[in-house]
Amino acid sequence: MSQHAKQSAPEIIGMPQSFFKKTLREYNNWTRALFREFLQNSIDAKATRIDFIIEDHPESDGVYVVCQDNGKGMSESIIRNGLLCLGGTVKDEGSVGGFGYAKMILYFAHESYRVRTRDILVEGHGCEYNLTSGLDYLEGVRSEVMISKNADVFERYLDTPANILGNALTEIVERSWFETAGIEVTLNGEPLDWDTADSDGYEIERKTDIGTLYVQERQHAHNVTLNVRYKGLLMFSLKSPAS
């Protein structure tokens, strides 16, 4: 190296927000995936109450989505090395979800986001964020996301973006079967009901490599729905014609 050469300090490769917005198209239904990830994180944090707010925000031409729980919250280390680190995770083994790829649809792909937990506030846009600490203590985590109503991902649906998001959350909760007793989920102040049936209500119970399969046959059924859950939370569902 020449004696006149000068080496810069280590730098980070930047990514435009458009890169993260593309991840929404990689999901068959990103609206359900969004709320599934929020629910996973809250359940892993031992929350017993998870409150959602979904409402139009005319000033920004967006949809305002809030998820607030009463779980154990996050430290600054977890936020920096897990939540806001692409591919990073600091979750315990056996958790429902991780902080890996899914964080892009939770925060980075949208117009703006705020995360408030313990004495910390994160305000961001894409992969750029500001972190403030030393605030008044807040139990659990409160995530606020502004989603653009003009996003082309809404074009396939024949409804308003706020209703589309609300229906996605309701469907996830209604098809879940929470093993942790006493979990309460609300949407705009109203409680959402989940599947309260237990294994005694099913005619067939079979252990498989991916978990326990419960089957209930109904006469005159025109289709069969397979709900795949992990620790009670709906991961995905498949519908097929009844034989």
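See the structure shown above.
By convention here, each chain's residues receive numbers from 1 onward along its written sequence. Residues qualify for local features only when their pLDDT is at least 70, as the model is predicted, and side-chain atom pairs are given and counted only at 80 or more; totals for whole chains, interfaces and linings, by contrast, use all residues. Side-chain descriptors were evaluated using all non-hydrogen atoms of the structure, hydrogens and water having been removed beforehand.

Attention shifts here to the pattern of salt bridges. The term salt bridge refers to a pairing of a side-chain nitrogen on Lys or Arg with a carboxyl oxygen on Asp or Glu at a separation within 4 Å. Within the structure shown, the criterion is met by ten salt bridges. Arginine 49 serves as the salt-bridge partner of glutamate 184, at 3.0 Å between the closest nitrogen and oxygen. Taken together, the residues glutamate 184 in strand β7 (residues 184–187) and arginine 49 in strand β1 (residues 49–57) connect sequence positions 135 residues apart. One continuous salt-bridge network, built from bridges that share partners, spans Arg114, Glu123, Arg142 and Glu144. In DSSP terms, a helix is any run of H or I states spanning at least four residues, a strand is any run of E spanning at least two, and both are numbered starting from the N terminus.

A word on the side chain of threonine 31. Its location among the elements puts threonine 31 in helix α2 (residues 30–44). Burial classification: accessible surface area is computed with a 1.4 Å probe over protein chains only, and a residue below 20% of its type maximum counts as buried, one above 50% as exposed, and the rest as partly exposed. Using a relative accessible area of 2% as the deciding quantity, one classes threonine 31 as buried. Any pair of N or O atoms that falls within 3.5 Å is considered a polar contact. Within protein, one atom must be able to donate a hydrogen and the other to accept it, and sequence-neighbouring residues count only if both atoms are side-chain atoms. Within polar-contact distance, the side chain of threonine 31 engages the side chain of asparagine 29 at 2.4 Å. We call two residues contacting when some pair of their heavy atoms lies within 4.5 Å. With residues up to four places along the chain from it excluded, the contact list for threonine 31 reads Tyr157, Ile164, Leu165 and Ala168.

This part is about a nonpolar patch on the surface. Distance thresholds for patches are 9 Å for like charges and 5 Å for nonpolar side chains (Val, Leu, Ile, Met, Phe, Trp, Tyr), applied to residues having over 30% relative accessible area and no salt bridge. The protein chains shown are the only cover counted for residues, whose accessible areas, like all others here, come from Shrake-Rupley with a 1.4 Å probe. A cluster of nonpolar side chains, contributed by Met15, Phe19 and Leu86, occupies part of the molecular surface with about 250 Å² of accessible area. By the element assignment, phenylalanine 19 lies in helix α1 (residues 17–21). Look at phenylalanine 19 and you get partly exposed, because its relative accessible area is 40%.

None of this, on its own, says anything about what the molecule does.
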